[in-house]
Amino acid sequence: MKEANNSGNNSFEKLLASNETLLPQQPAAATDVATAIIVTILILISILSVFGNALVLAAIYMNYNLRTVGNFLFGNLALSDFLQGAIAIPCRIAELLYADCNFRHLFCPASIALSILFGGSSNLTILFISVERFVGVRWPFLYYSFITTKFVFTVITFTWVLLAIFASLPLFAWGGLTNYQANLCRFPLFLTSNYITALYLVLYIVPMCIIVPLYTFILKASLKSIRKIHIQELSVRTPAARVNEIDVEETDATAPRVRRTTDQAARQRKSAKTVSLVVGLFILLIMPIVVIDIVEILGGPKVSLLVIRIAVGMAYANHFLNIFIYAGCSGEYKRAFAKILSRLRSYFTKNSQ
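(A) Geometry of the overall build of the protein chain. Each helix and strand counted, the protein chain has 11 helices and 0 strands in total. In sequence order, the protein chain lays out its α and β elements as α-α-α-α-α-α-α-α-α-α-α. Counting only residues that meet the buried cut, the protein chain has 41% of its 353 residues in that class. Long-range pairs, those at least 24 residues apart, make up 81% of the contacts in the protein chain between residues at least 6 apart in sequence. Total accessible area computed for the protein chain in this model is approximately 19,600 Å², and 66% of it derives from carbon and sulfur atoms.

So this is what it looks like as structure tokens:
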């Protein structure tokens, strides 16, 4: 009897000492409904990510005017988010639908590695875009000297190689856990705390700490430029209004200047709007799952399964919203999108007849 008690105590101690994280259990019916809702949302996010980012890549490929240094970074962002929607998210969907399969302990780590690779590339590309825009605003002459196409492609290639090595470490070398009791595919259940710390530090915390100050500077510079343009606008319009009835030629001459300053103000307002959306949505969509995982690693309270799945879905949603923020606010991209969609419509209309 004593040996049986000792055996039970040892088993309990081993369970407490293990790295496995047990999530609070929910009724089967509620779990099935929640899973169906999350799967539906992930399918929608996957479709939007694939279609939207493919449209951006096609626009850059087909439109010579879009082949600039900044747009090459947008292209890499679109590629990262396209692969996230085309490969990583479907893997998560399959993992949710076949949660009870025996191969889950092999399938889930592969899905996590793909999410780290594509998501990390997306986050770092947003960081590179913020640095590129900051240098362009703060040191315009330095920008044209150093921020070249060759430099950008070198940085992008180097980043993909390093991310591929880092994402594959838990599969072959360091940072992975084999968890047979996990009821959800999550970082804390299949990755060690040291690996997650390095992951969030390099791909989330540090980029966020750099992106926010840089975009704050860009936003302030944009607002300052808007004020200057507004003052310029008033100085041009006021004399023109005074002489409107006296000197028609002077009024006509000032019209192009008024239009030019108005266009500049509109571009600056659009830039300020883009900056605000980028920082706000990045924090809103990415940080919840990061905070949940960090709190759990530090031994804090665990949240429900539904909240975790919603937070994961929010993080994935960022990968199709990126394109609507960056490319959707550009008139050049909008015209390219309209041209591509018109060609596709004509093609399908012709073949359907």
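(B) Expanded view of the nonpolar core. Residues Ile-112, Ile-116, Phe-187, Leu-199 and Tyr-333 are the most contacted members of the largest nonpolar core, which totals 76 residues. Ile-116 has contacts with Ser-121, Phe-166, Ala-167, Phe-187, Leu-191, Tyr-195, Leu-199 and Leu-203, leaving out every residue within four places of it along the chain.

(C) Region of the structure containing empty space enclosed by the protein. In total, this model carries 4 cavities of 30 Å³ or more according to the counting rule given. Its boundaries defined by the atoms lining it, the largest cavity holds a volume of some 270 Å³. Lining the largest cavity are 18 residues, with Phe-187, Tyr-204, Ile-289, Ala-315 and Tyr-316 positioned closest to its centre. Among the residues forming the lining of the largest cavity, the class breakdown is 10 nonpolar, 5 polar and 3 charged.

(D) Quick look at the environment of Leu-298. For Leu-298, the position within the fold is in the loop between helix H9 (248-297) and helix H10 (305-326). For Leu-298, a relative accessible area of 72% translates into the label exposed. Residues Leu-298 and Ser-193, spaced 105 residues apart in sequence, show a C-alpha to C-alpha distance of 9.1 Å.

(E) Geometry of the side chain of Glu-132. Tracing the backbone through its elements, the reader meets Glu-132 in helix H4 (residues 104-138). Despite being buried, Glu-132 has no salt bridge partner; Arg-133 is the closest side chain of opposite charge, sitting 4.7 Å away. One polar contact links Glu-132 to Tyr-143, side chain to side chain, over a distance of 2.5 Å. When sequence neighbours within four positions are dropped, the list of residues in contact with Glu-132 reads Gly-70, Leu-73, Tyr-143 and Ile-147.

(F) Geometry of helix H3 (residues 69-97). Relative to the 42 Å expected for 29 residues at 1.5 Å per residue, H3 spans 41 Å between its end C-alpha atoms, a close match to the ideal helical length. Along H3, the largest kink reaches about 35° and is centred on Gln-84. Counting buried residues in H3 gives 22 out of 29 residues, a clear majority hidden from the surface.

(G) Main features of the packing of aromatic side chains. Across all of its chains, the model carries 10 aromatic pairs by this definition. A ring pair is formed by Tyr-200 and Tyr-204, whose centres lie 5.2 Å apart and whose planes are at 80°; its orientation type is edge-to-face. Note that Tyr-200 and Tyr-204 are positioned in helix H8 (residues 193-242) at a spacing of 4 residues, about one turn of the helix. Of the aromatic side chains, those joined through ring pairs into one cluster are Phe-74, Tyr-333 and Phe-337.

(H) Local environment of the side chain of Asn-63. Structurally, Asn-63 can be placed in the loop between helix H2 (28-62) and H3. Judged by relative accessible area, which is 16%, Asn-63 ranks as buried. Here Asn-63 is in contact with Glu-332 and Ala-336, once residues within four sequence places are set aside.

(I) Fine view of the environment of Val-69. Note that Val-69 resides in helix H3. Given a relative accessible area of 13%, Val-69 falls into the buried group. For the pair Val-69 and Thr-149, spaced 80 residues apart in sequence, the C-alpha separation works out to 5.5 Å. For Val-69, the residues in contact, after removing those within four places along its chain, are Tyr-143, Ile-147, Thr-148, Thr-149 and Val-152.

(J) Spotlight on a nonpolar patch on the surface. Among the surface-exposed residues, Phe-51, Leu-341, Leu-344, Tyr-347 and Phe-348 lie close enough to one another that they form a single nonpolar patch of about 520 Å² accessible area. When residues of the nonpolar patch are assigned to their parent elements, the largest contribution, 4 residues, is made by helix H11 (residues 331-352). Turning to its location among the elements, Leu-344 is positioned in helix H11. On the basis of relative accessibility, which here comes to 36%, the residue Leu-344 falls in the partly exposed class.

(K) Examining the confidence of the model for the protein chain more closely. The pLDDT averaged across the protein chain works out to 75; a share of 71% of its residues lies at or above 70. Averaged over each element, pLDDT in the protein chain is lowest for helix H1 (residues 2-17) (43) and highest for helix H6 (residues 149-172) (92). Note on residues 7-30: pLDDT is under 50 here. Beyond four places in sequence and across chains, it has 27 contacts. Of the regions scoring below 50 in pLDDT, residues 240-255 engages in 6 contacts with residues more than four places distant in sequence or in other chains.

Cut-off values and rules
- Residues numbered from 1 in each chain as written.
- Predicted model: local features only at pLDDT ≥ 70, side-chain atom pairs only at ≥ 80, totals over all residues.
- Heavy atoms only, no water.
- Helix = DSSP H or I, 4+ residues; strand = E, 2+ residues; numbered from the N terminus.
- Buried < 20%, exposed > 50% of the residue type's maximum accessible area, 1.4 Å probe, protein only.
- Contact = heavy atoms within 4.5 Å.
- Areas by Shrake-Rupley, 256 points an atom, 1.4 Å probe, with all protein chains shown as cover.
- Core = buried A, V, L, I, M, F, W, Y, C linked by side-chain atoms within 4.5 Å.
- 1 Å grid on protein atoms, 1.4 Å probe; cavity = no way out; pocket = protein on both sides within 12 Å on 5 of 7 lines; lining within 4 Å.
- Points joined across faces, edges and corners; volume = space filled by probe spheres on them.
- Nonpolar A, V, L, I, M, F, W, Y, C, P; charged D, E, K, R; others polar.
- Lys, Arg positive; Asp, Glu negative; His and termini not counted.
- Salt bridge = Lys/Arg side-chain N within 4 Å of Asp/Glu carboxyl O.
- Polar contact = N/O pair within 3.5 Å; in protein donor to acceptor, adjacent residues only side chain to side chain.
- Expected span 1.5 Å × (residues − 1).
- Bend = angle between axes of the 7 residues up to and from the residue.
- Phe/Tyr/Trp six-rings, centres within 6.5 Å; stacked < 30°, edge-to-face > 60°.
- Patch = residues over 30% accessible without salt bridge, like charges linked within 9 Å, V, L, I, M, F, W, Y side chains within 5 Å.
- pLDDT = per-residue confidence, 0-100.

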